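Letter by letter, the chains look like this.
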Protein chains: 2
Amino acid sequence: MRAVLLCSGLATRMRGRIKPLVKVGGREILYRTITLLRTHGIDEFVIVVNRKNKEAIEEFLQRIGVNYRLVVNDSPERGNGYSLYLARNHVSGRFVLAMGDHVFGEDFVREALKGEGLVCDGEPRYVSLDEATKVVVEDGRVRDIGKHLKDFCCVDTGFFVLDDSIFDHAEELVREREAVELSEIVKRAGLKIHRVDGRLWMDVDTPDDVRRAEKALFSLAVKGEDGFISKHINRKISTRISRMLVNRISPNHATLLSFLVGVISSLSVLVSIPLAGLIYQLSSILDGVDGEIARVAMKTLKIGGWVDSILDRVVDFLFLSILAYATLRTPQEFFVAMLAIFGSFMVSYVAEKYRADFGESIYRKIRVRVPGKRDERVFLVMVFCLLYPYLPTVYLFALLALITFGRVGEMVVKAARKN
Amino acid sequence: MRAVLLCSGLATRMRGRIKPLVKVGGREILYRTITLLRTHGIDEFVIVVNRKNKEAIEEFLQRIGVNYRLVVNDSPERGNGYSLYLARNHVSGRFVLAMGDHVFGEDFVREALKGEGLVCDGEPRYVSLDEATKVVVEDGRVRDIGKHLKDFCCVDTGFFVLDDSIFDHAEELVREREAVELSEIVKRAGLKIHRVDGRLWMDVDTPDDVRRAEKALFSLAVKGEDGFISKHINRKISTRISRMLVNRISPNHATLLSFLVGVISSLSVLVSIPLAGLIYQLSSILDGVDGEIARVAMKTLKIGGWVDSILDRVVDFLFLSILAYATLRTPQEFFVAMLAIFGSFMVSYVAEKYRADFGESIYRKIRVRVPGKRDERVFLVMVFCLLYPYLPTVYLFALLALITFGRVGEMVVKAARKN
């Protein structure tokens, strides 16, 4: 299946930049759309450009190595309906049409491709209703469409699943008048609508829109398996940091950064335990950044996540063992510390071994309610370090051992019962 | 596809037991063949029995819940060719024919099903040539077949992939004479041969054959990923123990047994370190038994392997931490011990995390030559414990930390390079 992407608009509010090539979350808007469509088997792209941006867009397409045909609209002032019309000889049968300057989310594209016609959103979350193109629907088809309608039920997302009969209506309109907007063709064709509500799609017109799109992308890049502290504290901070860094550093550098901060926190134990606890919690926050940047900037590499997890284990071990070394004295105390370190390992080991053996996350099917995920453990350690020296460290280790073994025990029992 | 299994033979050397129902490696011969064929999509079985064993075999088939049709041969003395002939109305097109009293290995069945005709073995490893039925081949077809041939190139395995045209030849022979052996039909039909060399198939005629078949099954049940000590010491002992226990205990009980021996070894540290080391090594040997029994007795459950791995981690931790507790005194020494315990964990964690993320064993693609697998670590610990008290325990921990971190480092570097 092919997709037609309209990139012939004349950007007026983006300081002369070519909108489809504006970077949002570390990647050009056009890169994002093409990549998402490719994951759904769409591998040929018809890109309609104007004379001004032709060269830059062609160079970009060659750089990313995609199968494309370029169609030049020499009269962009004739409207985006005319741009679609120009693509008529390059597609046949079913095809996708999308605006080249819109940012679409992963979930949006997946749902949009399940239907046909104009994809509409009944609960737009990321665009202001003032700016949106409203759609009045009758019997599942477009009756009216425009910016200033009342009694509309949903708005135009700039994404369509069409077939080539649309060109008959386009041709009629192109013959009738000079400027033809897409919405006029849609209305004339009485296109079916396909509702995809509340997912991410955004018209990116201004630098402010870029920031809002990035914020949305980062909020969607958070993993569903987060623990309590991660969900309510760490992610709120890490996504802000990620947004600042996404155009500046790679996921690998972010991994290295959080690892180094972790090592520094461990060594800080020898200087000041409260300070070390704070830095340890900071490293736990930074630990989310690499994954967030990778997901938003579409740079996810499995090996990156793999190395990151291994480095997490190293940091946890370093922190706890140096804390034990610096504060404990008797073999009994060390035995408790060893139990705690062992327990915190087992939480990860049991989960990974389960995923390796059964091909699914132990957290997805077996809702574990006993606390003891890494974010929670690190936070607990920080709180303790801040209270130190009022409490002996061995209490911390005893508590850690208790919660981690509780968690491991629950995981094992539930897994055994399930299988 | 269907399979015809011939169970109408009159066992003479098995003390009156019904041969297809004799247990080999914890499972009836017939169960083994049916189960292996089922994993290859064969799900209907035509079982030819005699009047004497009919009831017992039917009860067995109902118990294991298989889709079967029973054909009774009231004249078993007319030979196994006649038994095949009786099955003629129950199969059409391609079908499998196998002797009901033969033990077939997993690899044998997989390879056998890839060809057609009489499956022959040019390098029989598990049967004596004196007893075997020899085959003389010309142009890929059977020219002669019998026990006393010379110039044969391979032997009859008792496994066939046929089509229903075989019944024409069978019918001719059944009309011509009273007793018809399968080999006569094979010769008359000039059957194609399909070579599967050196894999496990065995005619089980005597109690001694049962023992030899079990030995073969256990030697094949050893995993390819074993470390040096496991391969050269542990498996040689564990497979013997497994053979003794396979008809007596379940894999789960074997898991529990090795875990308990491991716990006992850990606690023994407080009594006698050399003794504890020996028991620890014993638990490492016993650790292989559950998997071997499960594989040979076709009782493999993923959750069994999962729990077993988790218990291994617990035993390793208990042994090392109690050893540290009993022998170390200074924080520095404990730090080294913690490093060692952490390292031995990371070996398992890194490997499992890799398998979870990449769906393949890190050992298969990346040949790791640095020692430090569990069998090797346990053996090293035992050797040290026997030498104790001539060497301070901290040396053991330093060595353990070194080999395990070397191993982890090599795994990580190679994995990162590969991906």
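Rules used throughout
- Residues numbered from 1 in each chain as written.
- Chains lettered and ligands numbered in written order.
- Predicted model: local features only at pLDDT ≥ 70, side-chain atom pairs only at ≥ 80, totals over all residues.
- Heavy atoms only, no water.
- Salt bridge = Lys/Arg side-chain N within 4 Å of Asp/Glu carboxyl O.
- Helix = DSSP H or I, 4+ residues; strand = E, 2+ residues; numbered from the N terminus.
- Buried < 20%, exposed > 50% of the residue type's maximum accessible area, 1.4 Å probe, protein only.
- Contact = heavy atoms within 4.5 Å.
- Domains from an automatic or database assignment.
- Buried area = accessible area lost by both parts, 1.4 Å probe.
- Polar contact = N/O pair within 3.5 Å; in protein donor to acceptor, adjacent residues only side chain to side chain.
- Least-squares fit on C-alpha atoms with pLDDT ≥ 70 in both.
- Core = buried A, V, L, I, M, F, W, Y, C linked by side-chain atoms within 4.5 Å.
- Phe/Tyr/Trp six-rings, centres within 6.5 Å; stacked < 30°, edge-to-face > 60°.
- Lys NZ or Arg CZ within 6 Å of the ring centre and 35° of its normal.
- Pairing = 2+ DSSP bridges.

Going by an unreviewed UniProt entry, chain A carries the name Bifunctional IPC transferase and DIPP synthase and comes from Geoglobus ahangari.

Enquirer: Residues and numbers for the pattern of salt bridges, please.
Expert: For the structure shown, the criterion picks out 68 salt bridges over all chains. A salt bridge links Arg-78 of chain A to Glu-178 of chain A; its shortest N-O distance comes to 3.5 Å. Taken together, the residues Arg-78 of chain A in the loop between strand 5 (68–73) and helix 3 (80–86) and Glu-178 of chain A in the loop between helix 5 (166–176) and helix 6 (182–189) connect sequence positions 100 residues apart. The class for Glu-178 of chain A is exposed, based on a relative accessible area of 54%. A salt bridge links Arg-177 of chain B to Glu-184 of chain B, with the nearest nitrogen and oxygen atoms 2.1 Å apart. Glu-184 of chain B gets classed as partly exposed once you look at its relative accessible area, which sits at 24%. Counted as one network, the salt bridges with shared partners bring together Asp-107, Arg-110, Glu-111, Lys-114 and Arg-199 of chain A.

Enquirer: An account of the environment of Leu-5 of chain B is requested, with residue identities and associated values reported.
Expert: Residues and elements named next belong to chain B. Checked against the element boundaries, Leu-5 lands in strand 1 (residues 2–7). Separated by 328 residues in the primary sequence, Leu-5 and Glu-333 place their C-alpha atoms 66 Å from one another. Setting aside residues up to four positions removed in sequence, Leu-5 forms contacts with Leu-30, Thr-33, Ile-34, Leu-37, Phe-45, Val-46, Ile-47, Val-48 and Ala-98.

Enquirer: So what about the domain arrangement of chain A? Which residues, and what values?
Expert: When the parts of a complex come together, some accessible area is lost, and that lost area is often taken as the interface size. All names here are of chain A. Entries for chain A in the domain assignment read domain 1 (2–206) and domain 2 (221–418). Inter-centroid distance (C-alpha atoms) of domain 1 to domain 2 is 43 Å. Together domain 1 and domain 2 conceal approximately 570 Å² of surface at their shared face, both sides included; 57% is due to carbon and sulfur atoms. Broken down residue by residue, the surface that domain 1 buries against domain 2 is led by Gly-25, Arg-27 and Arg-32, which jointly contribute 61%.

Enquirer: Which residues make up the interface of chain A and chain B, and what values go with them?
Expert: Taken residue by residue, the interface counts 42 residues in chain A and 42 residues in chain B. Buried surface at the junction of chain A and chain B, both sides included, amounts to about 4,100 Å², of which 79% is carbon and sulfur. When residues of chain A are sorted by the area they lose upon contact with chain B, Trp-306, Met-338 and Tyr-349 of chain A head the list and together hold 20% of the total. Here chain A and chain B share 14 residue pairs in polar contact (both at pLDDT 80 or more) between them.

Enquirer: Help me get a handle on the relation of the copies chain A and chain B, residues and values and all.
Expert: With an RMSD of 0.1 Å, the operation that places chain A on chain B is a rotation of 180 degrees combined with a shift of 0.1 Å along the axis. As the rotation angle and translation indicate, the two copies are arranged about a two-fold axis. By C-alpha distance to the rotation axis, the residue of chain A lying nearest is Ala-356 of chain A, at 1.9 Å. Comparing interface residues between copies, 100% of those in chain A also sit at the interface in chain B, which points to an isologous, same-surface contact.

Enquirer: Please provide a residue-by-residue account of the side chain of Asp-316 of chain A, values included.
Expert: Residues and elements named next belong to chain A. In this structure, Asp-316 sits in helix 12 (residues 302–327). The class of Asp-316 is buried, set by a relative accessible area of 4%. With sequence-adjacent residues up to four places away left out, Asp-316 is seen in contact with Tyr-280, Arg-374, Arg-377 and Val-378.

Enquirer: Quick one: what's the story with the nonpolar core, residue by residue and with numbers?
Expert: Core analysis: the biggest nonpolar cluster contains 97 residues, and Trp-306 and Ile-362 of chain A together with Ile-362 of chain B have the highest contact counts within it. Other than its neighbours up to four places away in sequence, Trp-306 of chain A contacts Val-350, Lys-353, Tyr-354, Asp-357, Phe-358, Ile-362, Met-411, Val-412 and Ala-415 of chain B. The next biggest cluster of nonpolar side chains, apart from the first, holds 60 residues, and it includes Ile-57, Val-196, Leu-200 and Ile-241 of chain B.

Enquirer: I'd like a description of the packing of aromatic side chains, backed by residues and values.
Expert: According to the stated counting rule, one finds 28 aromatic pairs over all chains in the structure shown. An aromatic cluster is present here, built from Phe-317, Phe-342, Phe-345 and Phe-405 of chain A together with Phe-317, Phe-342, Phe-345 and Phe-405 of chain B joined pairwise through their rings. For the cation-ring pair, Arg-88 of chain B lies above Tyr-85 of chain B, with the distance from its terminal atom to the ring centre recorded as 4.0 Å.

Enquirer: Lay out the side chain of Thr-239 of chain B in plain terms, naming residues and giving numbers.
Expert: Residue and element names in this part refer to chain B. Checked against the element boundaries, Thr-239 lands in helix 8 (residues 228–245). Given the relative accessible area of 13%, Thr-239 is considered buried. At 2.7 Å, the side chain of Thr-239 and the backbone oxygen of Arg-235 are in polar contact.

Enquirer: Lay out the pairing of strand 9 (residues 134–138) of chain B in plain terms, naming residues and giving numbers.
Expert: Residues and elements named next belong to chain B. Strand direction decides the pairing type here: strand 9 and strand 10 (residues 141–146), joined by five bridges, are antiparallel. Opposite Lys-134, over in strand 10, you have Gly-146 as the bridge partner. Once strand 9 ends, the chain turns through two residues before running back antiparallel as strand 10, passing Asp-139 with a positive phi of about 50 degrees. Relative to strand 11 (residues 154–163), strand 9 is paired through two bridges, and the arrangement is antiparallel. If you follow Lys-134 over to strand 11, its bridge partner there is Val-155.

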